[in-house]
Amino acid sequence: MRLYLASTSPARRALLAQSGIEPVLVSPGVDEDAAAAAERDRLGRELTGPELVALLAVAKATAVADGLVELADGSGLDGIVFGGDSAFEVDGVLYGKPHDPEVARQRWRQMLAAGGGTLWSGHCVIDRRVIDGRAGARSVARSVAEATAPGTGGAVRAGNEPPVRPVGALALGPVAPVGSALVVDGDRVVAVDSAVLTFADDMTPAEIDAYVATGEPLEVAGAFTIDGRAAAFITRIDGAPSAVVGLSLPVLRSMLLRGFGIAWHDLWAQ
């Protein structure tokens, strides 16, 4: 079964490959800043971390699933489309990609002063399997909203339901740090996972400058990567480590199983 990755992130692709899944890469072409600004204007307030990453994950997956971008080989979709997004929150402030070296340095100083922060990871999967010659848009007259308690590693657990929440792209309700939430809505499943990170308390200005000079932190949420040079500066992770890389593998597995009845091993490359 094909998994279409609505992303150009090398980290997400590598993470899936290490798990035995070879995704089809499709650039979604989403203007993330514009999408977030439009949603802020609609709501009349700033977005929370879970809202932001869910919004952008849905936008990316939808752009590919609804044919707003073409596949490289010109073929049609036949499989599951996944879109993801990440943001790092420190003292109530959300950090995306810094882009600029000086911005990255300033963020590292702020993150070290706070001691750590929460990594929010948004996920959206859309069913675009072709069944009997037709694209399989499921009709599901049910919803699921489940959350984890702190300390459970961020995986969705059955039987631990939060207060009733309306179903929709962003109707996941409050998500606590080191918690997750999942909603099934027709042919789409949306979920948010989180992990709390603690940084080394003896990181020096010279180490910050050296790390920023590599260019690695400029195009990643929070200005760091756990699977790269910054790994030595992170002393603790509470939550799924894969969520920090770019997508929570335990949550993605639950989304596929609970939403579409797809077993994780069905996606493994043969």
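Residues numbered from 1 in each chain as written. Predicted model: local features only at pLDDT ≥ 70, side-chain atom pairs only at ≥ 80, totals over all residues. Heavy atoms only, no water.

Chemist: Where do I start with the pattern of salt bridges in this structure?
Modeler: Pairs can form between side chains of opposite charge once their charged atoms are near each other. Throughout the structure, instances matching the rule amount to 13 salt bridges. Beyond isolated ion pairs, a larger network of salt bridges with shared partners links Glu-102, Arg-105, Arg-109 and Asp-209. (Salt bridge = Lys/Arg side-chain N within 4 Å of Asp/Glu carboxyl O.)

Chemist: Please clarify how helix α2 (residues 32-43) should be interpreted in this entry.
Modeler: With 12 residues, α2 extends 17 Å from end C-alpha to end C-alpha; this agrees with the ideal 16 Å at 1.5 Å per step. Put simply, Asp-31 is the residue that caps the front of α2, since its side-chain oxygen is 3.4 Å from the backbone nitrogen of Asp-33. The first or second residue beyond α2 is Gly-44, which carries a positive phi of 75 degrees. (Helix = DSSP H or I, 4+ residues; strand = E, 2+ residues; numbered from the N terminus. Expected span 1.5 Å × (residues − 1). Polar contact = N/O pair within 3.5 Å; in protein donor to acceptor, adjacent residues only side chain to side chain.)

Chemist: Sorry, what's going on with the packing of helix α4 (residues 101-114) against helix α5 (residues 205-213) here?
Modeler: A pair of packed helices is characterised by two quantities: the angle between their axes and the separation of those axes. Contact geometry for α4 and α5: axes closest at 10 Å, N-to-C directions at 140 degrees. By the angle between their directions, the pair α4 and α5 is classed as oblique. Considering only the axes of α4 and α5, their crossing is right-handed. Where α4 abuts α5, its residues Pro-101, Ala-104, Arg-105, Trp-108, Arg-109 and Leu-112 lie against Ile-208, Asp-209, Tyr-211 and Val-212. Considering only residue class, the contact of α4 with α5 consists of seven nonpolar, no polar and three charged. (Axes fitted to C-alpha atoms, helices over the stretch in contact; angles between N-to-C directions. Parallel < 35°, antiparallel > 145°, perpendicular 65-115°, else oblique. Left-handed = near helix turned anticlockwise from the far one by under 90°. Contact = heavy atoms within 4.5 Å. Nonpolar A, V, L, I, M, F, W, Y, C, P; charged D, E, K, R; others polar.)

Chemist: So what exactly am I meant to see when it comes to the layout of surface pockets here?
Modeler: Leftover empty space is mapped by rolling, across the atoms, a probe with the size of a water molecule. Within this model, the largest pocket holds a volume of roughly 1,000 Å³. Residue lining of the largest pocket: 39 residues in total, with Glu-32, Asp-85, Ser-86, Lys-97 and Ala-221 positioned closest to the centre. Elements represented by at least two residues in the lining of the largest pocket include exactly α1 (10-18), α2, α3 (49-65), β3 (79-90), β4 (93-95) and α6 (241-245). Of the residues assigned to the lining of the largest pocket, the class counts are 19 nonpolar, 10 polar and 10 charged. (1 Å grid on protein atoms, 1.4 Å probe; cavity = no way out; pocket = protein on both sides within 12 Å on 5 of 7 lines; lining within 4 Å. Points joined across faces, edges and corners; volume = space filled by probe spheres on them.)

Chemist: Just to check I follow, could you spell out the nonpolar core for this structure?
Modeler: In summary, soluble globular proteins display a tendency toward joint burial of nonpolar side chains. Core analysis: the largest hydrophobic core is formed by 26 residues, its most contacted members being Tyr-4, Leu-52, Val-64, Leu-77, Val-81 and Cys-124. Contributing elements (two or more residues each) for this core: α3, β3, β5 (116-128) and β10 (188-199). Among the elements that line this core, the one with the most residues is α3, at 10 residues. Every residue in contact with Val-64, bar those within four places of it in the chain, is listed here: Ala-6, Val-26, Pro-28, Val-69, Leu-77 and Val-81. (Core = buried A, V, L, I, M, F, W, Y, C linked by side-chain atoms within 4.5 Å. Buried < 20%, exposed > 50% of the residue type's maximum accessible area, 1.4 Å probe, protein only.)

Chemist: I would appreciate a short explanation of the packing of aromatic side chains in the present structure.
Modeler: A ring pair, where both rings are aromatic, is described by two values, the distance of the centres and the angle of the planes. This model, assessed by the stated rule, comprises eight aromatic pairs. With a centroid separation of 6.4 Å and an interplanar angle of 75 degrees, the aromatic rings of Trp-108 and Phe-224 are classed as edge-to-face. Residue Trp-108 is located in helix α4, and its partner Phe-224 is located in the loop between α5 and β11 (234-238); the two are separated by 116 residues in the primary sequence. Neither residue differs from the other here; Trp-108 and Phe-224 are each classed as buried. Here the aromatic rings of Phe-199 and Phe-224 are separated by 5.6 Å at their centres, their planes lie at 85 degrees, and the arrangement is edge-to-face. Pair noted here: Phe-199 is in strand β10 and Phe-224 is in the loop between α5 and β11, with a separation of 25 residues, a long-range link. Here Phe-199 matches Phe-224 in class, with each residue buried. Each member of the aromatic cluster is reached from another via a ring pair, and the members are Phe-88, Trp-108, Phe-199, Tyr-211, Phe-224 and Phe-233. (Phe/Tyr/Trp six-rings, centres within 6.5 Å; stacked < 30°, edge-to-face > 60°.)

Everything listed is a geometric property; what it means functionally is a separate question.
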